[in-house]
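# Structure assessment
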Amino acid sequence: MQNFEFKNPTKIIFGKGQMQKLAEEIPSGAKILMTYGGGSIKKNGIYESVKEALKDYELIEFGGIPANPEYAGLLEALEIIKKENITYMLAVGGGSVIDATKFLSSAALFEGEEPWDILAKKIRTEKGLPFGTVLTIPATGSESNSGSVISNKITKEKLSMGGPGLFPQFSILDPTVVKSLPQRQIANGIADAFTHVLEQYMTYPADAYLQDRFAESILQTLIEVAPRVMQDPGDYNAAANFMWSCTMALNGLIQKGVPTDWAIHAMGHELTALYGIDHARTLAILTSSHYQYNFEKKKAKLAQYAERVWGVAQGSEGEKANAGIQKTDEFFHSLGIETKLSAYVDDYSKTAQEIAARFTDRGWLGLGEHKDISPEDVKKIVESAY
Ligand code: NZQ
Ligand code: ZN
């Protein structure tokens, strides 16, 4: 097992009716910027309950944050933060709203000229404007981690940022929010969380028995609850297990002491930047190609995954590993998610070349747990996902 440090300061407030505790978490006298997305919270009652809980605070709203939050639009919110002397932010939404709020948290205290530099120059955020979240969709884990991903339409980029200053101070996780989610978003949430676990697990054996079993248990739980929550989003226990699995998949715990990959995410973000494909679906497109291409390096973990998560008992290590890849694709299909780029994009013939060129330009010359996946490899992986 590798050496590690672990600190996750986000307070999780989990369960039905926990919104009542919202005001206890925000300092009295705070001047709040409440951020939210395209309006789902106004249809499912979450907006009213947040406003009710915060009626004694001075509060300004910034709504309309789109999926895959966009840099230019966020500069307006940054103006408001500065002009109104906002002291606290509350993100009410999913990964997009929370990531946008993390960007604002960092940008509010950023001393440079151009806040895009935080992303382009990978500037770590040691301290940000404090914020909490009310999660409305289980998926990214952003409610309990310090990462954020922001898009830039002009440069057609989608880049990540982070640092210890960007953990939410608290997150309210009420699984009843799942009830109003469209099927497509439930499927996305399951696939995203599933891939988060895979990115931190499907590498090579590192004698980290507990981390392996944490990871396998999250995968198994997602597999167990997926059909239930897809069929009936009002099934509270299924929704609760789904939500907690998503948070645990990317709150830092399972990646401690083990190698991590994240190449699927790096390539997937490009597919969103180029074509606007939902984040989770980009991952489903790339997963099997990535594992086939890097089969020998990942074979031992692929076989362990097939055995322990999918119960594949027969065959050689290689056969089990292959079965693991196939089961993963079948799982995505069971969620109604297509796993080939051609199902999403008509003119895809130059995609692989374009992504490889971008990685070369950015100096991303070695991805994956061995840092040996070159832009040329990326090209081949993306091509085989067509
Ligand atoms: O905008 P509104 O109207 O609220 O609708 C949203 C949005 O259209 C809707 N929605 C959310 N809660 C709902 C609801 N609809 C009905 N009822 C509810 N309770 O769902 C849609 C998708 O929301 P979004 O926040 O975009 O989804 P998600 O949580 O999947 O976030 C995706 C973003 O997070 C980034 C992705 O790249 C993408 O930009 N990621 C962030 C990560 C992180 N910070 O750790 C890690 C991930 O790998 C990922 O990259
Ligand atoms: Zn993801």
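A quick note: this is a predicted structure, and the numbers were derived from the prediction, not measured.

## Focus on the coordination of the zinc ion (ligand 2)
- For the zinc ion (ligand 2), the full set of protein donor atoms is Asp 192 (OD), His 196 (NE2), His 265 (NE2) and His 279 (NE2), and the range of their distances to it is 2.0 to 2.1 Å.
- His 265 gets classed as buried once you look at its relative accessible area, which sits at 7%.

## Comments concerning the sheet that holds strand S2 (residues 31–36)
- Read across the open sheet, the 6 strands follow the order S1-S8-S5-S4-S2-S3; overall the sheet is parallel. Bordering the open sheet on either side are strand S1 (11–14) and strand S3 (58–62), each of which pairs with just one other strand. Mean inter-strand twist for the sheet, computed between neighbouring axes without regard to direction, equals 20 degrees.
- With 4 bridges connecting them, S1 and strand S8 (residues 170–173) associate as parallel partners.

## Points about the side chain of Ser 289
- Structurally, Ser 289 can be placed in helix H11 (residues 279–293).
- Classification of Ser 289 as buried rests on a relative accessible area of 4%.
- Within the local environment of Ser 289, its side chain forms a polar contact with the backbone nitrogen of Ala 385, the two atoms lying 3.4 Å apart.

## Overview of the site of ligand 1
- With respect to spatial proximity, 33 residues lie near ligand 1, and among them Gly 38, Ser 40, Ser 96, Asp 99 and Lys 158 are the closest.
- A distance of 2.5 Å is found between an oxygen atom of ligand 1 and a side-chain nitrogen or oxygen belonging to Ser 96.
- Between ligand 1 and His 196 there is a distance of 2.8 Å, counted from an oxygen atom to a side-chain nitrogen or oxygen.
- About the coverage of ligand 1: the protein hides 87% of its 960 Å² of free accessible area.

## Observations concerning the packing of H11 against helix H12 (residues 295–310)
- Orientation of H11 relative to H12, taken along the N-to-C sense of each, is 110 degrees, at an axis distance of 6 Å. Considering the angle they form, H11 stands roughly perpendicular to H12. Residues His 290, Tyr 291, Gln 292 and Tyr 293 of H11 form the contact with H12, whose participating residues are Phe 295, Lys 298 and Leu 302.
- Tallied by class, residues from the contact of H11 with H12 come to 4 nonpolar, 2 polar and 1 charged.

## Focus: the pattern of salt bridges
- Scanning the model with the defined rule gives 22 salt bridges in all.
- Glu 84 is the partner of Lys 31 in a salt bridge, and the nearest nitrogen-oxygen pair spans 3.2 Å. Residue Lys 31 is located in strand S2, and its partner Glu 84 is located in the loop between helix H4 (71–83) and strand S4 (88–93); the two are separated by 53 residues in the primary sequence.
- The network of salt bridges with shared partners includes Glu 157, Glu 270, Glu 354, Arg 358 and Arg 362.

## Here we look at the side chain of Thr 282
- With respect to the secondary-structure elements, Thr 282 resides in helix H11.
- Setting aside its immediate chain neighbours within four residues, Thr 282 contacts Gly 268, Leu 271, Thr 272 and Ile 277.

## Structural notes on the domain arrangement of the protein
- You can read the domains of the protein as domain 1 (11–176) and domain 2 (181–384).
- When each unit is reduced to the centre of its C-alpha atoms, the spacing between domain 1 and domain 2 is 26 Å.
- The partner domain 2 presents 24 residues to the 25 residues of domain 1 that form the contact.
- For the pair domain 1 and domain 2, the summed buried area comes to about 2100 Å², and 64% of that belongs to carbon and sulfur atoms.
- Three residues, Pro 138, Lys 156 and Lys 158, lead the burial of domain 1 against domain 2; their summed loss comes to 28% of the area buried on that side.
- Salt-bridge contacts for Glu 157 lead to Arg 362; the nearest nitrogen and oxygen are separated by 3.5 Å.
- Broken down by secondary-structure element, the contributors of at least two residues to the side of domain 1 that touches domain 2 are S1 and strand S7 (157–162).
- Among the elements that make up the side of domain 1 that touches domain 2, the one with the highest residue count is S7 (3 residues).
- Considered class by class, the residues forming the side of domain 1 that touches domain 2 number 10 nonpolar, 9 polar and 6 charged.

## Quick look at the pairing of strand S6 (residues 147–152)
- Among the 6 residues in S6, 5 count as buried, and that is most of the element.
- As consecutive antiparallel partners, S6 and S7 are separated by 4 residues, and within that stretch Lys 156 has a phi angle of approximately 50 degrees, a positive value.

## Describing the packing of aromatic side chains
- Applying the stated criterion to the full structure yields 10 aromatic pairs.
- Aromatic side chains Tyr 348 and Tyr 386 sit 5.0 Å apart centroid to centroid with 55 degrees between the ring planes, which places their arrangement in the tilted category. Residue Tyr 348 is found in the loop between helix H13 (317–334) and helix H14 (351–362), and its partner Tyr 386 is found in the segment after helix H15 (375–383); the two are separated by 38 residues along the sequence.
- The class of Tyr 348 is partly exposed, set by a relative accessible area of 25%.
- Taken together, the ring pairs in this structure connect Phe 194, Trp 310, Phe 331 and Phe 332 into an aromatic cluster.
- Lying over the aromatic face of Trp 364, Arg 362 brings its terminal NZ or CZ to 4.6 Å of the ring centre.

## Topic: unusual backbone geometry
- One non-glycine residue, Asn 68, lies in positive phi territory at about 60 degrees.
- Relative to the helices and strands, Asn 68 resides in the loop between S3 and H4.
- A positive phi angle, near 50 degrees, is found at Lys 371, a position not held by glycine.
- Considering the arrangement of structural elements, one finds Lys 371 in the loop between H14 and H15.

About the thresholds
By convention here, each chain's residues receive numbers from 1 onward along its written sequence. Whichever chain is written first becomes A and whichever ligand is written first becomes 1, with later ones labelled in order. Local features in this predicted model are restricted to residues of pLDDT 70 or higher, and side-chain atom pairs are both shown and tallied only at a pLDDT of 80 or more, whereas totals for entire chains, interfaces and linings draw on every residue. In computing side-chain properties, one takes all heavy atoms of the structure into account and sets aside hydrogens as well as water. Each metal's donors are the N, O and S atoms within 2.8 Å of it, or within 3.2 Å when it is Na, K or Ca, and because water is not part of the set, sites may look incomplete. Residue burial is assigned from relative accessible area. The probe radius is 1.4 Å, only protein chains are included, and a residue is buried under 20% of its type maximum, exposed over 50%, and partly exposed in between. Two strands are said to pair when DSSP picks up at least two bridges between them. The helix count covers DSSP runs of H or I at least four residues long, the strand count covers runs of E at least two residues long, and both are numbered beginning at the N terminus. Axis lines are fitted through C-alpha atoms, for helices just across the contact stretch, and the angle between N-to-C directions can take any value from 0 to 180 degrees. Whenever a nitrogen or oxygen atom comes within 3.5 Å of another N or O atom, the pair is scored as a polar contact, on the condition that within protein one atom can donate a hydrogen and the other can accept it, and that pairs from neighbouring residues in sequence are kept only if both atoms are in side chains. Here a residue is considered near a molecule or strand provided that any single heavy atom belonging to it is located within 4 Å of it. A 1.4 Å probe and the Shrake-Rupley method give the accessible areas. Residues count as covered only by the protein chains that appear here. An angle counts as roughly parallel when it lies under 35 degrees, as roughly antiparallel when it exceeds 145, as roughly perpendicular when it falls between 65 and 115, and as oblique in every other case. By the convention used here, residues are in contact when the closest approach between their heavy atoms is within 4.5 Å. Here the term charged refers only to Asp, Glu, Lys and Arg, the term nonpolar to Ala, Val, Leu, Ile, Met, Phe, Trp, Tyr, Cys and Pro, and the term polar to all other amino acids, Gly among them. Within this document, salt bridges are pairs made up of a side-chain nitrogen of Lys or Arg and a carboxyl oxygen of Asp or Glu, the two lying within 4 Å of each other. Where each domain begins and ends is defined by an automated method or by a domain database. Take the accessible area each of two parts loses on contact, using a 1.4 Å probe, and add the two losses: that sum is the buried area. Two rings belonging to Phe, Tyr or Trp (six-membered ring only in the last case) form a pair when the distance between their centres is within 6.5 Å. Interplanar angles under 30 degrees mark stacking, angles over 60 mark edge-to-face geometry, and anything in between is tilted. Charges are assigned to positions over rings by a cutoff of 6 Å between ring centre and Lys NZ or Arg CZ, combined with an angular limit of 35 degrees from the ring normal.

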